[in-house]
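Listed below are the residues making up each chain.
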Amino acid sequence: MPENRAWALPYLALVLNALVWGVSWWPLRELQGEGLHPLWSSAATYLLGAVAMLCFMPKVLGEFVQHKALWLLALAAGTTMVGFNWGVSIGEVIRVVLLFYLMPIWAVLLARLILKEPITGRALIRVALAFAGAVLLLSPNGTLGFPVPSNLAETLGLMGGAAFALNNILLRHQAERTAQARLFAMFVGGVVAPAAVAAGLAVWLGEGNSIVQWPVSPGLYGGVVLLGFTVSLLVANYGLQYGASRLPANVTSVVMLSEVVFATLSAILLTNEVLTPQVGIGGAMILLAAALSALESRDAH
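Residues numbered from 1 in each chain as written. Predicted model: local features only at pLDDT ≥ 70, side-chain atom pairs only at ≥ 80, totals over all residues. Heavy atoms only, no water.

Participant: Sorry if this is basic, but what is going on with the packing of helix 3 (residues 25-33) against helix 6 (residues 69-90) here?
Facilitator: Relative orientation and spacing of two packed helices are given, respectively, by the angle between their axes and the distance between those axes. Contact geometry of helix 3 with helix 6 gives a least axis separation of 9 Å together with a crossing angle of 70°. With respect to helix 6, the element helix 3 is oriented roughly perpendicular. Contact residues: W25, L28, R29 and Q32 in helix 3; N85, V88, S89 and I90 in helix 6. Residues of the contact of helix 3 with helix 6, tallied by class, amount to 4 nonpolar, 3 polar and 1 charged. (Axes fitted to C-alpha atoms, helices over the stretch in contact; angles between N-to-C directions. Helix = DSSP H or I, 4+ residues; strand = E, 2+ residues; numbered from the N terminus. Parallel < 35°, antiparallel > 145°, perpendicular 65-115°, else oblique. Contact = heavy atoms within 4.5 Å. Nonpolar A, V, L, I, M, F, W, Y, C, P; charged D, E, K, R; others polar.)

As structure tokens, then:
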């Protein structure tokens, strides 16, 4: 591919990932309707992906076991799955996705801790904008208050977003590892973390609780949805590690914000969700904070 076109590949890969995740709430809710909790759906989906990778690329297991930093990547990816997949399945898709993308805050802090990137005045402005957006998102309509989640879905969205920012930072930190090993680590985390949380809750809360039940075998329709979801996530996660390992963390965060557009449009078209003015303004602040990250990255180059 000519050099003047190859530069776009990391961006396109991230947009593909954002598209898949922007509409991922739909198969998760379909599987939930088949009796499979989102945590079990996540674990099953990533298990199929991990097994497929081992069948075609068995060497990735040795690289994953050898490099402990990949274990941390697995933990970050798994925590992301728990927060995002569970959150969009039980809450308002638009609100959860916007809270998930408070990455201008998390990225600044984590890039400083892990990549030793300086915290600039512009970074502080982005954090302030994102925080102001969170105030609007997490406050009742017509009021303002300290941004505290009011339900489980909002808490999961915030947790998943912080974990996703860490995931992207670690992809850059482990850029010397093979793409296959990084992807395998993400799939391992996507199996272990959701399954561990689901099993722990099922045991702790007991049989018959309304939070999470032990998994059931989906029917033919559920099996088709599960298989299609697995294939799409395998492609999407490869796109994420390809793009995030080649672009600065703040640029990755900005490009991935296209997921907000995909999620918002799909939620409005397929559900009864409405983008209220308060949520829209708060979301715009978060998006503006992320856009400033891109400007800073461009100026730095």
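So that's the structure; there's more coming.
Participant: What is the right way to read the nonpolar core from this model?
Facilitator: Proteins that are soluble and globular tend to have nonpolar side chains buried together. Ranked by internal contacts, the top residues of the largest apolar core, which has 69 residues, are V97, Y101 and L240. With sequence-adjacent residues up to four places away left out, L240 is seen in contact with A13, L14, N17, F164, N167, N168, L171, M186, S245 and M256. Counting 13 residues, the second-largest nonpolar core is a separate cluster that includes L31, L39, L156 and L226. (Core = buried A, V, L, I, M, F, W, Y, C linked by side-chain atoms within 4.5 Å. Buried < 20%, exposed > 50% of the residue type's maximum accessible area, 1.4 Å probe, protein only.)

Participant: Could you clarify how one ought to interpret a nonpolar patch on the surface in this entry?
Facilitator: A cluster of nonpolar side chains, contributed by L16, L19, V23, L227, V231 and V235, occupies part of the molecular surface with about 470 Å² of accessible area. When contributions to the nonpolar patch are tallied by element, the ones reaching two or more residues are helix 2 (9-22) and helix 12 (220-244). No other element matches the 3 residues that helix 12 contributes to the nonpolar patch. If you trace the backbone, V231 turns up in helix 12. (Patch = residues over 30% accessible without salt bridge, like charges linked within 9 Å, V, L, I, M, F, W, Y side chains within 5 Å. Areas by Shrake-Rupley, 256 points an atom, 1.4 Å probe, with all protein chains shown as cover. Salt bridge = Lys/Arg side-chain N within 4 Å of Asp/Glu carboxyl O.)

Participant: So what exactly am I meant to see when it comes to the pattern of salt bridges here?
Facilitator: For side chains bearing opposite charge, pairing can occur when the charged atoms are close. Here the structure, examined in full by the defined rule, presents 4 salt bridges. Across the salt bridge formed by E63 and R177, the nearest N and O atoms sit 3.6 Å from each other. Of this pair, E63 sits in helix 5 (residues 59-66) while R177 sits in the loop between helix 10 (152-173) and helix 11 (179-205), placing them 114 residues apart in sequence. Judged by relative accessible area, E63 falls into the buried class, the value being 17%.

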